[in-house]
Amino acid sequence: MTSEAERPGLWTRLVAHLGGEVPATTLEAYRRAGAGVYELLSEVELRRADVALEGGHHGSADRTSRTLELCAWNAFALQLLGDELLAGVYRAKPSTVGFVPPVTAEQAHAFYGQVEGWLSRAHQALSNPNYRLDVEVPAELPGWSETQDCPREHLEALVAAARRLYQRAAIALDDAARSQPSGEGQDLASLRELLAIVETAIGYADRLHRGDVDDEQVHERIEASVRHAIETAYLLGQVVAMPELLDRRRGKPPPGRLRRKLPLPGQPGFDPWCLTDPWVRSLREGDARSRKAIELLWRRDPHPDVTLAIQGQINQALARGAVAYATDRHGRPVGRYFCCPWAPIYVARRRVTIAGRPRR
């Protein structure tokens, strides 16, 4: 499979060209370069098993060990997703191995593009017992590639990738649960709830996917369910590694000072990302398309003073506890708005006035 993917023949190239597919040469290089993440995750799992054998429990591990586990999980998950996308498309279209639809190439590249960073952090944690992360966690996945006409093979590859990620997340949770002290039942219940979300989303997508369904709306619904499953599984692996991250999902505001008076564009201290959900900011800052979107947003805002004044009011209300990050009836965060500037979604805890309008 690998040699065929790296050196496709003339007929393969012709068929791929006619089908609008693009070469996967760069992606194959990423696949080879990141293959070591599987061995790294196995090493982390052995270390976790050793802790259990010595009578310890998952939560008793030092912070550097938990950081190592989180970084190894993120590197593994991103590599797995990229690998599964390639393998899934190759299985669906064996006549064009070495080529993939453009949307698959873009998505796999986004996954692979973050592997090296997490792999480096994991090795730093292995080498330095005082290592501290340089990014906010829990981290989010790279942005999803959008297309009006999602190829069936891309969708099937996403479903297969979601299944694999779910299986590994379930193993990680089981390992942690076996050494869970009785007093930490709430965290374990929250983790199992996340796993149930993943399982439900994959099962729903599977049932929709059965049969030869070509309806565009059904395809979009399958894709939405699979994305939700993958995002939640990625998060689950991180909070299994660092259970304290569950506090962030429970709506606690991020650390740092919430300022009311925010500098305007062009003024010293202006922060173009001040409207963005703090928990996704680090990922968006590292994404070129997101940076361009933020730049365009401020360039086209006719009244940035009004925008920033409103954000300042929200910051103060959040600091006072008058508003909070919105959660559903199970206590899960609703999340952020889906497009630029990816702002958090808030709920008013008591009567508060924002932008001159009272909120109940």
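For clarity, every value in this text was computed on a predicted model and none was experimentally measured.

S.K.: Would you mind going over the environment of Asp-301 in detail, with residue names and values included?
M.R.: For Asp-301, the position within the fold is in the loop between α13 (288–300) and α14 (304–320). We classify Asp-301 as buried; its relative accessible area is 18%. Only 2.9 Å separates the side chain of Asp-301 from the backbone nitrogen of His-303, close enough to count as a polar contact. Separated by 2.7 Å, the side chains of Asp-301 and Thr-307 make a polar contact.

S.K.: Break down the nonpolar core for me, citing the residues and quoting the values.
M.R.: Residues Trp-118 and Ile-230 are the most contacted members of the largest nonpolar core, which totals 76 residues. Contributing elements (two or more residues each) for this core: α4 (36–53), α5 (63–92), α6 (102–113), α7 (115–127), α8 (152–178), α9 (185–209) and α10 (216–241). No other element matches the 15 residues that α5 contributes to this core.

S.K.: Could you give me a rundown of the state of the cysteines, with the residues and numbers involved?
M.R.: One covalent bond between the sulfur atoms of two cysteine residues makes up a disulfide. Tallied over the entire structure, the rule returns zero disulfides. Note on Cys-339: no disulfide assigned, nearest cysteine sulfur contributed by Cys-340 at a separation of 7.2 Å.

S.K.: How would you sum up the pattern of salt bridges? Please name residues and give values.
M.R.: Under the counting rule described, the total for this entry stands at nine salt bridges. Notably, a salt bridge pairs Arg-336 with Glu-140, separated by 3.1 Å at the nearest N-O pair. One end of the pair, Arg-336, is in the loop between β3 (323–325) and β4 (346–348); the other, Glu-140, is in the loop between α7 and α8, with 196 residues separating them in the sequence. For Arg-336, a relative accessible area of 27% puts it in the partly exposed group. Note on Glu-140: relative accessible area 25%, which makes it partly exposed. Connected via shared salt-bridge partners are Arg-63, Arg-66 and Glu-244.

S.K.: Let's hear about α13: which residues, and what values?
M.R.: Over its 13 residues, α13 runs 18 Å from end to end, which matches the ideal 18 Å to within 8%, given 1.5 Å per residue. Those residues of α13 not exposed but buried are Ser-290, Ile-294 and Trp-298. Taken end-on, α13 shows its buried residues confined to a sector of 70°, consistent with a single buried face. Exposed side of α13, more than 90 degrees from the buried face: Lys-292, Arg-299 and Arg-300 are the residues found there. Summarising the contacts, the buried residues of α13 are in contact with α12 (278–285) and α14.

S.K.: Provide a residue-level description of unusual backbone geometry, including the pertinent values.
M.R.: Cis geometry marks the peptide bond from Cys-340 to Pro-341; its omega dihedral reads 10°. For Pro-341, the position within the fold is in the loop between β3 and β4. A positive phi angle, near 55°, is found at Trp-342, a position not held by glycine. Mapping Trp-342 onto the fold places it in the loop between β3 and β4. Assessed through its relative accessible area of 6%, Trp-342 is described here as buried.

S.K.: Talk me through the packing of aromatic side chains; I want residue IDs and the actual numbers.
M.R.: With the rule as written, the count across this model stands at seven aromatic pairs. Between the aromatic rings of Tyr-30 and Tyr-112, the centroid separation amounts to 5.8 Å while the plane-to-plane angle is 20°, which identifies the pairing as stacked. Residue Tyr-30 is located in helix α3 (residues 25–33), and its partner Tyr-112 is located in helix α6; the two are separated by 82 residues in the primary sequence. Pairing Trp-73 with Phe-76 gives two aromatic rings, centres 5.7 Å apart and planes at 45°, and the pair type is tilted. On the criterion of helical spacing, the pair formed by Trp-73 and Phe-76 is a turn pair, its members being three residues apart in helix α5. By the burial criterion, Trp-73 is buried, and Phe-76 matches it. Cluster of aromatic residues (ring-pair linked, three or more members): Tyr-38, Trp-73 and Phe-76. A cation sits over an aromatic face here: Arg-121 above Trp-118, 4.6 Å from the ring centre.

Calculation notes
Residues numbered from 1 in each chain as written. Predicted model: local features only at pLDDT ≥ 70, side-chain atom pairs only at ≥ 80, totals over all residues. Heavy atoms only, no water. Helix = DSSP H or I, 4+ residues; strand = E, 2+ residues; numbered from the N terminus. Buried < 20%, exposed > 50% of the residue type's maximum accessible area, 1.4 Å probe, protein only. Polar contact = N/O pair within 3.5 Å; in protein donor to acceptor, adjacent residues only side chain to side chain. Core = buried A, V, L, I, M, F, W, Y, C linked by side-chain atoms within 4.5 Å. Disulfide = S-S within 2.5 Å. Salt bridge = Lys/Arg side-chain N within 4 Å of Asp/Glu carboxyl O. Expected span 1.5 Å × (residues − 1). Arc of directions from axis to C-beta. Contact = heavy atoms within 4.5 Å. Phe/Tyr/Trp six-rings, centres within 6.5 Å; stacked < 30°, edge-to-face > 60°. Lys NZ or Arg CZ within 6 Å of the ring centre and 35° of its normal.

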